[in-house]
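The lines below spell out each chain.
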Amino acid sequence: MSLGSSSRTGTPQAGAAELRVDRVDCSGHGICASLLPRTVELDEWGYPVLAPGGGHDDPADVEAAVRLCPARALYLMDRG
Ligand code: SF4
């Protein structure tokens, strides 16, 4: 999957970056919705739908969700 000039590599801090989900990699575990109840809702099939504008949860919790996603489908993208 091409991400253009943006990158999933590196570790931007959650407060300065927007949470994204790679829908190809996501396998619908739903852990992200449990960890980030103000940012992520699950659709009827259990896949995440991110709130417009990015994270509304604590940045430390957003970073934890990225680390704990079992499919490594969550990532942070610099807003710039
Ligand atoms: S925790 Fe990861 S694999 Fe599970 S629903 Fe969220 S993004 Fe998808």
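Cut-offs and rules
- One numbering rule holds for all chains: residues counted from 1, following each sequence as written.
- Two thresholds apply to this predicted model, a pLDDT of at least 70 for residue-level local features and 80 or more for giving and counting side-chain atom pairs, whereas whole-chain, interface and lining totals are computed over all residues.
- Hydrogens and waters are ignored; side-chain quantities use all the structure's heavy atoms.
- The helix count covers DSSP runs of H or I at least four residues long, the strand count covers runs of E at least two residues long, and both are numbered beginning at the N terminus.
- For each residue, the test is whether any non-hydrogen atom lies within 4 Å of the molecule or strand; if one does, the residue is near.
- Polar here means any residue other than Ala, Val, Leu, Ile, Met, Phe, Trp, Tyr, Cys and Pro, which are nonpolar, and Asp, Glu, Lys and Arg, which are charged; Gly is therefore polar.
- In this text, buried Ala, Val, Leu, Ile, Met, Phe, Trp, Tyr and Cys residues form a nonpolar core when linked through side-chain atoms within 4.5 Å.
- Exposure is judged per residue with a 1.4 Å probe applied to protein chains only, and the accessible area is read against the type maximum: over 50% gives exposed, under 20% gives buried, and values in between give partly exposed.
- When checking whether two residues touch, look at their non-hydrogen atoms; a contact exists if any pair is within 4.5 Å.
- An arc is given here, and it is the one of the directions from the helix axis to the C-beta atoms.
- N or O atoms closer than or at 3.5 Å make up a polar contact, with two conditions inside protein: a donor-capable atom paired with an acceptor-capable one, and, for residues adjacent in sequence, both atoms drawn from side chains.

K.L.:
Could you clarify how one ought to interpret unusual backbone geometry in this entry?
P.N.:
With a phi angle near 55°, Arg72 is a residue other than glycine that sits in the positive phi range. Take Arg72: it is sitting in the loop between helix H2 (59-68) and strand S4 (74-78).

K.L.:
Sorry if this is basic, but what is going on with the site of the ligand here?
P.N.:
Residues in close proximity to the ligand include Val21, Cys26, Ser27, Gly28, His29, Gly30, Ile31, Cys32, Pro48, Cys69, Ala71 and Leu74, which together make up its full environment. The residue makeup of the shell around the ligand, split by class, is eight nonpolar, four polar and no charged.

K.L.:
How should I be thinking about the nonpolar core in this particular structure?
P.N.:
General note: in soluble globular proteins, nonpolar side chains tend to be found buried as a group. Counting residues in hydrophobic clusters, the biggest one holds 14 residues, and the most contacted among them are Leu19, Leu36, Val40 and Leu74. Contributing elements (two or more residues each) for this core: strand S1 (17-21), helix H1 (31-35), H2 and S4. Sorting elements by how many residues they give to this core places S1 first, with three residues. Once you skip the residues sitting within four places of it in the chain, Leu19 turns out to touch Leu36, Thr39, Val40, Leu50, Val62, Val66, Leu74, Tyr75 and Leu76.

K.L.:
Looking at this structure, how should I read H2?
P.N.:
Since the α-helix turns once every 3.6 residues, residues separated by three or four places project in the same direction. Within H2, burial applies to Val62, Ala64 and Ala65. On an axial view of H2, the arc spanned by its buried residues comes to 160°, and they lie on one face. Its buried side turned inward, H2 meets S1, H1 and S4. For H2, the side-chain oxygen to backbone nitrogen distance between the N-cap and Ala60 is 2.7 Å, and the N-cap itself is Asp58.

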